[in-house]
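Survey of secondary and tertiary structure
Each chain, written out:
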There are 2 protein chains.
Amino acid sequence: MLLDAAREAAAEAVGCRPDELSFTASGTQAVHAGIAGALAGRRRAGRHLIVSAVEHSSVLHSAEIHEREGGSVTRVSVDRSGTVDPAAYAEALLPDTALACLQSANHEVGTEQPVGEVAGVCRAAGVPLLVDAAQSLGWGPVGGDWSLLTASAHKWGGPSGVGLLAVRKGVRFAAQGPVDERESGRAPGFENLPAIVAAAASLRAVRAEAAQEAARLRELTERIRARVPELVPDVEVVGDPERRVPGIVTFSCLYVDGEALLHELDRAGFSVSSGSSCTSSTLTPSHVLKAMGVLSEGNVRVSLPLGTPEEDVTRFLDVLPGAVASVREKLGAPAARVVVQEDALVVDALGKRCPIPVIELAKVIGDVPIGGTVRVLSDDEAARLDIPAWCEMRGQEYVGEEPADRGTAYLVRRVS
Amino acid sequence: MLLDAAREAAAEAVGCRPDELSFTASGTQAVHAGIAGALAGRRRAGRHLIVSAVEHSSVLHSAEIHEREGGSVTRVSVDRSGTVDPAAYAEALLPDTALACLQSANHEVGTEQPVGEVAGVCRAAGVPLLVDAAQSLGWGPVGGDWSLLTASAHKWGGPSGVGLLAVRKGVRFAAQGPVDERESGRAPGFENLPAIVAAAASLRAVRAEAAQEAARLRELTERIRARVPELVPDVEVVGDPERRVPGIVTFSCLYVDGEALLHELDRAGFSVSSGSSCTSSTLTPSHVLKAMGVLSEGNVRVSLPLGTPEEDVTRFLDVLPGAVASVREKLGAPAARVVVQEDALVVDALGKRCPIPVIELAKVIGDVPIGGTVRVLSDDEAARLDIPAWCEMRGQEYVGEEPADRGTAYLVRRVS
């Protein structure tokens, strides 16, 4: 009875029938089960999958597995704000497309996606659309004619250990892996009943205050978006300025080591995230920032949980300029070898990690005449993203990259 | 840090290294991931899987999937106590055996399996053994040279939503499905940290009192095992009398509808389980009772949680005889048509569910002379198990079954 009541409450919040909704052990497992089941159910239609380039890693991992098993995948690109173009989904649809996936909003930069339009495009082609609604479900139901939807309770302030998978009646679906009779055969194992009940109750509670709290958090994130570039030089605020979920704001700071900045902010009592390469175990920058083509160095993602007091934001804005300045100062000493070679200045930043290559480029650009070239040698994957991003921010020309004896040479022409 | 500490505590309780242990979202998911990963890791050795016939459904579902995908499966049978013979595992091992699975103890009847001996047999053949330790891990580590081990926190009194998967170093393992960097790539999705911390803490707490509490619960279950046949006529207590985990006791009552008995006991405040066909949605009796060849009708499984007071057991034994008598009385009216046909009495129990076929057989057996035959027509799957079991209990001869115009004819010869 508790499970039925939780399912009814959650289904109402999602905007589906209770028998279309299964509880899973996490949002990630909802995504994995949803994509695998929809692809298998549509096997006869074909094995082509469409995802956006900025999906959550759970969607991208599912796409990688699908490719490894012989399927094909189109990754739809985004613009500098992180938004997909519905026309790009229309173009990506092929006769053998089994499934398309699109997030309702991006988890790193907060940009909302045009889900309704993409759902319409997919519906016209007879292709189901799976919407990863993890970032937005707490704020309201996902509009548009979607076929499958996934979400995660801890994202709306509910407990860990509960995900949602909605599969509309009529959508072909064949659950993969061992299943049992639970959750319509879509999520095996005994249901985590206490957590499921708490998840449904918290979703209802969050929704009751969503409109008011959204307005309040929007005002706070807008303040951060506006004030950070005024308080800190050489900052790029990323994500769509208008079409965004409340409570997430992301910016990147030139000449800053993301990990060092996180530590500075942590000492001041602020726990933020980063998509910088130097903060991840893989040493590659966030795939989201990469797909957007924006700066990744010194990247900071601030998430404001429900009920965040205004004073916290004020104090964050007080602390940030000093934290950035302190990190920049530590990185100020020359760390790369600079040589003049034929007609170009060569910055040898081999073996140096982000943000050193960009810092050294910025230091020497004034040393070449206008029209002259700086060649940055780097073996850090982040340089491929951050050197072009720096050029765009600084109004210099990014000429391109070419292979070098070691690493890659990035060519920048001084134009101002 | 919390996750590391929980992993260390749980690994110590399991008897493995912390880096061999992953937390999953449930015991079922640990089993599914463990079997799929071990089979894939040993793909070169072959595609043969060995399981016992009385494993948990999560193991059997994994075996079914493996068969559907082209693998082969041997299901090792058990004796009437529910125990496997290590020699049967030795016989089942083939040159292409990739993996063997065996539970540490059975979840329905409490029988402990000879895991150490089976592990030795498997080790000698170079085949990894996966032990499903869900029933026993709270009581102590699993001995023997196992390769993989799974467990479930709620089984030791911990929270829902946490399973354990241990994979010994050196065991070939290739995680299946989409994975991420969490839990050694064996359990994707953000860890359910609060539940994991609670799981590890509760395992430590349970273990601290395990020896004392095991002795106490053993005494209580032994009392139930001894007293029930004295208090209730026509009862079969099942499971090994000696080699058993504390806290589980199972018996079957002839001429009783399992579902009706559960309702009677529920009204008296006792929540018990049943492996009778009439209590399951599939209308087939428990695969465990079936594999043991014991009576399934009127089956009752009593689980005593940690700390169960002695008074509860006393009151249960007070209430049970009346509950069984009440159900038997309601079923007393003749429900099947009886005709004399040639040399046999025919009981037409077509369309009647367990326990009616056995009740009607018992009613008429006295009406045929010694040496005479009763032919029971039934289309209830449970009759295949319960009619032979009744013959064994009553000292009558079960001749065999043969197809009938509708359903199956079960032949019983009166010998006493």
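Everything numeric in this text was worked out from a predicted model, so none of it was measured.

Rules and cut-offs
Residues numbered from 1 in each chain as written. Chains lettered and ligands numbered in written order. Predicted model: local features only at pLDDT ≥ 70, side-chain atom pairs only at ≥ 80, totals over all residues. Heavy atoms only, no water. Helix = DSSP H or I, 4+ residues; strand = E, 2+ residues; numbered from the N terminus. Buried < 20%, exposed > 50% of the residue type's maximum accessible area, 1.4 Å probe, protein only. Contact = heavy atoms within 4.5 Å. Lys, Arg positive; Asp, Glu negative; His and termini not counted. Charge placed at Lys NZ, Arg CZ, Asp CG, Glu CD. Pairing = 2+ DSSP bridges. UniProt positions renumbered as here; feature names shortened; annotations may be inferred. Phe/Tyr/Trp six-rings, centres within 6.5 Å; stacked < 30°, edge-to-face > 60°. Lys NZ or Arg CZ within 6 Å of the ring centre and 35° of its normal. Axes fitted to C-alpha atoms, helices over the stretch in contact; angles between N-to-C directions. Least-squares fit on C-alpha atoms with pLDDT ≥ 70 in both. Domains from an automatic or database assignment.

Some words on the overall build of chain A
Within chain A, the regular secondary structure consists of 12 helices and 15 strands. Viewed in the frame of its principal axes, chain A has a C-alpha envelope of about 75 × 50 × 35 Å. Burial status across chain A gives 57% buried among its 416 residues. Taking as baseline every contact in chain A between residues at least 6 positions apart, the subset at least 24 positions apart corresponds to 70%. Computing the positive centroid from 41 side-chain charges and the negative centroid from 55, chain A places the two 3 Å apart.

Things to note about the pairing of strand 15 (residues 408-413) of chain B
Residues and elements named next belong to chain B. Along strand 15, 5 of the 6 residues are buried, which leaves the element largely enclosed by surrounding structure. As paired strands, strand 13 (residues 373-378) and strand 15 are joined by 6 bridges and run antiparallel to one another. Looking at the pairing, Ser 378 lines up with Thr 408 of strand 15. Examined bridge by bridge, strand 14 (residues 397-403) and strand 15 share 6 bridges and lie antiparallel to one another. Bridge assignment links Tyr 398 to a residue of strand 15, and that residue is Val 412.

Considerations on the UniProt feature "domain: UPF0033" (unreviewed entry) in chain A
According to UniProt, the feature "domain: UPF0033" (unreviewed entry) maps to residues 347-371 of chain A in the numbering used here. From the first C-alpha to the last, residues 347-371 of chain A spans 17 Å; its make-up is 36% helix and 8% strand.

Points about the packing of aromatic side chains
Taken as a whole and judged by the stated rule, the model has 2 aromatic pairs over all chains. Here A:Phe270 and A:Phe316 contribute two aromatic rings whose centre-to-centre distance is 5.3 Å and whose plane-to-plane angle is 80 degrees, an arrangement assigned as edge-to-face. With A:Phe270 in the loop between helix 8 (258-267) and helix 9 (287-292) and A:Phe316 in helix 10 (residues 310-330), the pair connects residues that are 46 residues apart, well separated along the chain. Given a relative accessible area of 2%, A:Phe316 falls into the buried group. If you follow B:Arg168 out to its NZ or CZ, it ends over the ring of B:Trp146, 3.8 Å from the centre. Here B:Arg186 stacks its cationic end above the ring of B:Phe173, 4.9 Å away from the centre of that ring.

Quick word on the sheet that holds strand 15 of chain B
Residues and elements named next belong to chain B. Strand order in this open sheet of 5 strands is 11-12-13-15-14, and the pairing throughout is mixed. The open sheet has two free edges, formed respectively by strand 11 (337-341) and strand 14, since each of these has just one partner strand. Strand-to-strand twist across the sheet, computed as the mean angle between neighbouring axes with direction ignored, equals 20 degrees. Set on the sheet, helix 11 (residues 356-364) makes contact with strand 11, strand 12 (344-348), strand 13 and strand 15; between it and strand 13 the angle comes to about 160 degrees. Contacts between helix 12 (residues 383-394) and the sheet are confined to strand 13, strand 14 and strand 15, with strand 15 contributing the most and set at about 0 degrees to the helix.

Thoughts on the relation of the copies chain B and chain A
Each copy superposes on the other: chain B lies on chain A with an RMSD of 0.1 Å after a rotation of 180 degrees and an axial shift of 0.0 Å. Both copies are brought into coincidence by an operation consistent with a two-fold rotation axis. Taken together, the interface assignments show that 95% of the residues at the interface of chain B recur at the interface of chain A, consistent with an identical surface on both copies.

Section: the domain arrangement of chain A
Looking at the assigned domains, one finds that chain A contains domain 1 (2-208), domain 2 (210-330) and domain 3 (337-413). One C-alpha centre belongs to domain 1 of chain A, the other to domain 3 of chain A, and the line joining them spans 41 Å.

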